[in-house]
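# Chain and residue survey
Chain by chain, the residues run as shown.
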Amino acid sequence: VVILSGFNLWSLYAALLKPLLGYRTILLWDGNSSATTAQGDRLRAIARRGLGHAIDVCISNTQPGMEYLHQLGIPKTRILKGTYQVAARTVLCGDPIDVDLPRTDSRIKFLYVGRLVAGKGLHNLLDACSSLVKRGLDQFSVVLVGEGPERDDLQRHAVAAGVEKRLYFMGSRPYEQLGSYYGACDVFVLPSLLDCRPMVVSEAMSLGKPILCSKYTDLGEIVRHGENGYVFDAQKPEELANHMAEYIRRPELIATHGARSLELIAPHNPAQAAENLAQAVQLAFRNDLRIARVPEIV
């Protein structure tokens with residue numbers, strides 16, 4: 001079995017060698033974004049349709065992902081919906097540390113984990129913070145875990161926005177220590193302008209955190225607006241500020257939404273992911289893939 005992580009050059013190699021070596025191919029589809037679906041790129045769509053004939057089974061994390069794969073001409077009988085990309089809490093918390101935040105800082109802490117790059121919408125997050133301060137809702141801080149080329153510019157932007165004293169730039173941290181940062185903060189925020197299904201949201205949910213999530217992702221099935229957080233337009237800082245203000249004004253929501261996150265992410269666990277992959281392999285080796293209907297993996 002050859003497992004492919006998307007439509008790329010390796011997928012082409014796998015398709016060309018498949019008739020010679022006789023293996024089965026399984027495509028893992030993380031989810032949809034304007035980048036992963038190559039919207040408007042007709043040539044890429046044609047190439048993907050061609051590659052689709054060499055794929056025995058697809059697993060998609062999301063329903064929109066299943067629909068996209070079917071639009072490429074892959075029969076529904078070869079597309080399974082099932083989690084394969086999950087957070088392992090034991091690994092996240094494998095090397096617990098005392099997070100370097102002032103113990104006197106009792107403000108609500110919003111957390112971002114990821115690269116400090118333009119597409120993550122962090123400048124808009126800082127503008128949202130500035131809006132909160134201007135409203136007098138200044139009982140908060142923001143913890144940024146990660147590194148990237150935008151760090152210096154973000155620090156300058158924070159000064160210009162008057163929120164530099166509310167930010168903690170923690171730099172890059174080992175994966176096994178991230179659980180300590182999730183645990184030290186109250187609400188996770190993902191202000192991405194373009195993203196798919198980043199693992200950081202599943203990680204935060206597995207540790208019982210409410211989620212503030214950009215609508216420019218494919219996370220609608222696990223981030224429920226008003227249940228375990230809020231979905232917002234990342235291009236509108238005021239909209240993000242309004243949702244941040246909800247947690248500042250009503251801190252009791254943190255526990256309520258965090259508990260709901262745990263419920264929603266519970267089925268997305270390593271054991272289930274392994275079972276989903278096993279079922280995909282089993283299906284790939286069936287002699288006849290033109291069966292009437294394949295049960296959906298839950």
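Above: the structure in question.
Residues numbered from 1 in each chain as written. Predicted model: local features only at pLDDT ≥ 70, side-chain atom pairs only at ≥ 80, totals over all residues. Heavy atoms only, no water.

## Observations regarding the overall build of the chain
Note the cut-off: Runs of H or I in DSSP of at least four residues are treated as helices and runs of E of at least two as strands, each being numbered from the N terminus. Taken over C-alpha atoms, the radius of gyration is set against a globule rule of 2.2 Å times the number of residues to the power 0.38. Should any heavy atoms of two residues lie within 4.5 Å, those residues are counted as being in contact. The method behind every accessible area is Shrake-Rupley, applied with a 1.4 Å probe, and residues are considered shielded solely by the protein chains displayed. None of His or the chain ends enter the tally, which takes Lys and Arg as positive and Asp and Glu as negative. One atom stands in for each charge, and that atom is NZ of Lys, CZ of Arg, CG of Asp or CD of Glu.
Counting its regular elements, the chain contains 11 helices and 10 strands. Whereas a compact globule of 298 residues would reach a radius of gyration of roughly 19 Å, the chain reaches 21 Å, a difference of no more than 12%. Projecting the C-alpha coordinates of the chain onto the three principal axes gives extents of approximately 65 × 35 × 30 Å. Across the chain, every contact between residues at least 6 apart in sequence was considered, and the portion connecting residues at least 24 apart equals 69%. Carbon together with sulfur atoms contributes 53% to the accessible area of the chain, which is approximately 14000 Å² in total. Of the side chains in the chain, 33 bear a positive and 31 a negative charge, and the two mean positions are spaced by 5 Å.

## Digging into the sheet that holds strand S7 (residues 167-171)
Put simply, the rule reads: Any two strands with at least two DSSP bridges between them are considered paired. Each axis is a line fitted through C-alpha atoms, and for a helix only the stretch in contact is used; angles between axes span 0 to 180 degrees, taken between their N-to-C directions.
A sheet is described by the order of its strands in space; here 6 strands give the open sequence S7-S6-S5-S8-S9-S10, paired in parallel fashion. Looking along the sheet, the strands with just one partner apiece sit at the ends: S7 and strand S10 (229-232). Recorded for the sheet is a direction-independent mean angle of 20° between the axes of neighbouring strands. Two strands pair when backbone bridges link them, and strand S5 (residues 108-113) and strand S8 (residues 187-190) are joined in this way by 2 bridges, in the parallel orientation. By the bridge assignment for S8, phenylalanine 110 is matched with valine 187. The strands that helix H5 (residues 122-134) touches are S5, strand S6 (140-145), S7 and S8; relative to S6, the one it contacts most, it runs at about 165°. Contacts from helix H10 (residues 252-265) reach S5, S8, strand S9 (211-214) and S10, with the element oriented near 85° to S10.

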